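A closer look at the structure
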Amino acid sequence: MSEAESPIIPLIFAGIFLAAIMCTFVISMVLLHRQRQVQNRQKLDQVKSEYEKTLLNIENEIQQETLTHVGRELHDNIGQLLSLAKLNFGSIKPEKHLAGRELLSQIIQEVRGLSKTLNLDWVESITLEEFLKQQLDKIKSTGFCETQLLVEAPIENLKKDEKLVLIRVIQEILNNAIKHAYPDRIVIKTLNSGAKPLIIIEDNGKGFDTNQQSSGSGMTNLAKRMATIGGEFYIKSELGKGTLTKLTLPK
Amino acid sequence: MSFSDAFLNWYNIVIDIILVLGIISFIKLPKNERANSHYWLPFLILVFTVFYESTGSFFLFSRELNAEINAFLGNTEHPKYTLWVYNIFNIYILTFLYLFLIRLYVTNRNRKIINGMMVFFFVAILFLNYSGVEKVYDSQPIIFFIGASFLIIASGSYFIMFITDDVYMDINPLRLFSFWQMTFILFNYATVFLFSISSKYLWQNYYSLYTSLTKINIILAIITLIIFLMTLAVSSLNWKYEKQPTNV
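Residues numbered from 1 in each chain as written. Chains lettered and ligands numbered in written order. Predicted model: local features only at pLDDT ≥ 70, side-chain atom pairs only at ≥ 80, totals over all residues.

With that out of the way, let us pick up the interface of chain A and chain B. Counting from both sides, the interface comprises 17 residues of chain A and, opposite them, 16 residues of chain B. Considering only residue class, the side of chain A that touches chain B consists of 10 nonpolar, five polar and two charged. (Contact = placed C-beta atoms within 7 Å. Nonpolar A, V, L, I, M, F, W, Y, C, P; charged D, E, K, R; others polar.)

Pasting the structure below:
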């Protein structure tokens, strides 16, 4: 075989050409894959930062509410008890001194109770059902409306942050019901829907047109807050037919 | 053809060595990995490829038996042809095995498409053979075209999924064996495909290029087998590699 007919040179050229195409292909795939990994990492960072921001907002809101509550308690409750104690200790009668001591003990109890609300450790110590019961009892005690808590499946294994977000969302829903719906009855149910914990908050108040409310930030904000903990927010309401809110929690 | 010409050529020797190493590597795999289709299917492809290549060589050597089989298939005109071995084992069965392999690595939606491809390919084989459009002992360009196209599309769909689906997000592709398997299957069939279209023209006008491309196809086929061997051997070699995601 002559030099010109030798298959070695075309073999080398064809081989190099094919190898070059393959290398380009593999490098392109790896680069595209890496680019996607970077984009995904940026997206995750963004979600994480939004989550942290939401948590910070919620903590601020709870602290603000706590301070308002502490201020009110100091003025309306402890302040009054201290004035009463002062009057009792100012008296020369021994039984008044005794009543004064009892008042002091009560004041100490009240101050201890208040101090516990100043940090967020109570979130960890309380179960979600206990929190719901507290909230409903508080509403009932004001005589505003009847309340009921139905626990079909207890909600367990919530992290502190998740519980914090959920507590704030529930408080907001109950506040909205009291402020705007004027219901006769509020019912909260906890159950499991397809292995996902679910909280249903239902009132028989005046309801509202959900299409009009969708432009407002309240509902969007609640939905966003639920999304930060991997949950879902669903609201159904009609004028005159009350409101039903479903909070689906992550598994 | 003598026995040594048929069996003791460099291609047969190389693939036989790959087979022996493949069997040793497969035996050395832990029991649970041997039962995993990500390992036994590449092993099956490796064994099957060497088996049919040896079968082809055997029928080059055993002319009488080959002539009898050709006659049984209706070919009395060219009793030396061993194309029926290539058609049945390479074009039909190996295409199915590769499609099964690609099917393992893709998501449900693409899996359904590959299932459809396999059904269509099976029907096409039966129809084209029984209708006499293509004969099993002769060259079968239509069946080859359908099979190779499906393999190129299926392996292409793996790469599209690879850069779009979250399943492969945290994986380093260079350390993932399915990535290399698909790369070589895609390039192997793409070159065979292009080569088969242009082979007659190249053979008549550029014979040296024709022989070069034939060798390149053989080399690509060997590299594909080496990738399958590496898939089986890598855990015994203690190399760093990515395990195939199980949630595909």
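A word on helix α10 (residues 207-233) of chain B. Over its 27 residues, α10 of chain B extends 39 Å from the first C-alpha to the last, a length consistent with the 39 Å expected when each residue adds 1.5 Å. Turning to α10 of chain B, its buried residues are Ser 212, Leu 213, Ile 216, Leu 220, Thr 224, Leu 225, Ile 227, Phe 228, Leu 229, Thr 231 and Leu 232 of chain B. The secondary structure elements touched by the buried residues of α10 of chain B are α1 (8-90) of chain A together with α2 (10-28), α4 (37-61) and α9 (177-205) of chain B. (Helix = DSSP H or I, 4+ residues; strand = E, 2+ residues; numbered from the N terminus. Expected span 1.5 Å × (residues − 1). Buried ≥ 20, exposed ≤ 12 C-beta atoms within 10 Å, placed from the backbone.)

Residues Ile 102, Ala 154, Tyr 158, Met 182, Ile 185 and Phe 228 of chain B are the most contacted members of the largest nonpolar core, which totals 42 residues. Where this core is concerned, the elements lending two or more residues are α2, α4, α6 (83-105), α7 (108-130), α8 (141-164), α9 and α10 of chain B. The leading source of residues in this core is α9 of chain B, at 11 residues. Discounting residues that sit within four places of it in the chain, Met 182 of chain B has contacts with Ile 102, Tyr 105, Ser 155, Tyr 158 and Phe 159 of chain B. With 24 residues, the next largest nonpolar core counts Ile 58, Val 169, Ala 177 and Ile 199 of chain A among its residues. (Core = buried A, V, L, I, M, F, W, Y, C linked by C-beta atoms within 7 Å.)

It is worth spelling out the environment of Thr 210 of chain A at this point. All names here are of chain A. Looking at where Thr 210 falls in the secondary structure, it is placed in helix α6 (residues 210-213). With 13 C-beta atoms packed within 10 Å, Thr 210 lands in the partly exposed category. Spatially, the C-alpha atom of Thr 210 lies 6.1 Å from that of Ser 237, the residues being 27 residues apart in sequence.

The next subject is α4 of chain B. Between its first and last C-alpha atoms α4 of chain B spans 35 Å; for 25 residues at 1.5 Å apiece the expected length is 36 Å, and the two agree. Looking at the buried positions of α4 of chain B, the neighbouring elements they touch are α1 (3-7), α2, α3 (31-34), α5 (63-72), α6 and α10 of chain B.

Overall, the predicted model of chain A reaches an average pLDDT of 86, with 95% of residues at or above 70. Averaged pLDDT values for the elements of chain A fall to 70 in α6 of chain A and rise to 94 in strand β5 (residues 243-248) of chain A. (pLDDT = per-residue confidence, 0-100.)

Strands in a sheet are paired, the pairing made by backbone hydrogen bonds, and the direction either parallel or antiparallel. Residues and elements named next belong to chain A. With mixed pairing, five strands are arranged side by side in an open sheet as β1-β2-β3-β5-β4. Sheet topology places β1 (146-151) and β4 (232-237) at the edges, where each strand pairs with a single neighbour. In this sheet, adjacent strand axes meet at a mean angle of 15 degrees when their direction is disregarded. Here β4 runs beside β5; their pairing, made up of six bridges, is antiparallel. Directly across from Phe 233, in β5, lies its bridge partner Leu 247. Sitting on the sheet, helix α4 (residues 128-141) touches β1 and β2 (185-193), and the angle it makes with β1 is about 165 degrees. Taken strand by strand, helix α5 (residues 160-181) contacts β2, β3 (196-203) and β5, and its axis lies near 175 degrees from that of β5. (Pairing = 2+ DSSP bridges. Axes fitted to C-alpha atoms, helices over the stretch in contact; angles between N-to-C directions.)

Residue and element names in this part refer to chain A. Contact pair α1 / helix α2 (residues 94-117): the axes reach a minimum separation of 8 Å and the direction vectors enclose 170 degrees. Taken together, the axes of α1 and α2 lie roughly antiparallel to each other. Considering how the two elements wind past one another, α1 and α2 form a crossing that is left-handed. Here α1 contributes Thr 66, His 69, Val 70, Glu 73, Asn 77, Ile 78, Leu 81, Leu 82, Leu 84, Ala 85, Asn 88 and Phe 89 to the contact with α2, which in turn contributes Lys 96, His 97, Ala 99, Gly 100, Leu 103, Leu 104, Gln 106, Ile 107, Glu 110, Val 111, Leu 114 and Thr 117. Across the contact of α1 with α2, the residue classes break down as 13 nonpolar, eight polar and three charged. (Parallel < 35°, antiparallel > 145°, perpendicular 65-115°, else oblique. Left-handed = near helix turned anticlockwise from the far one by under 90°.)

With that settled, the discussion passes to unusual backbone geometry. With a phi angle near 45 degrees, Tyr 182 of chain A is a residue other than glycine that sits in the positive phi range. Along the polypeptide, Tyr 182 of chain A turns up in the loop between α5 and β2.

Moving on, we get to the confidence of the model for chain B. Scored by pLDDT, chain B has a mean of 89; 99% of the residues are at 70 or more. When mean pLDDT is compared element by element in chain B, α7 of chain B scores highest at 95, while α1 of chain B scores lowest at 72.

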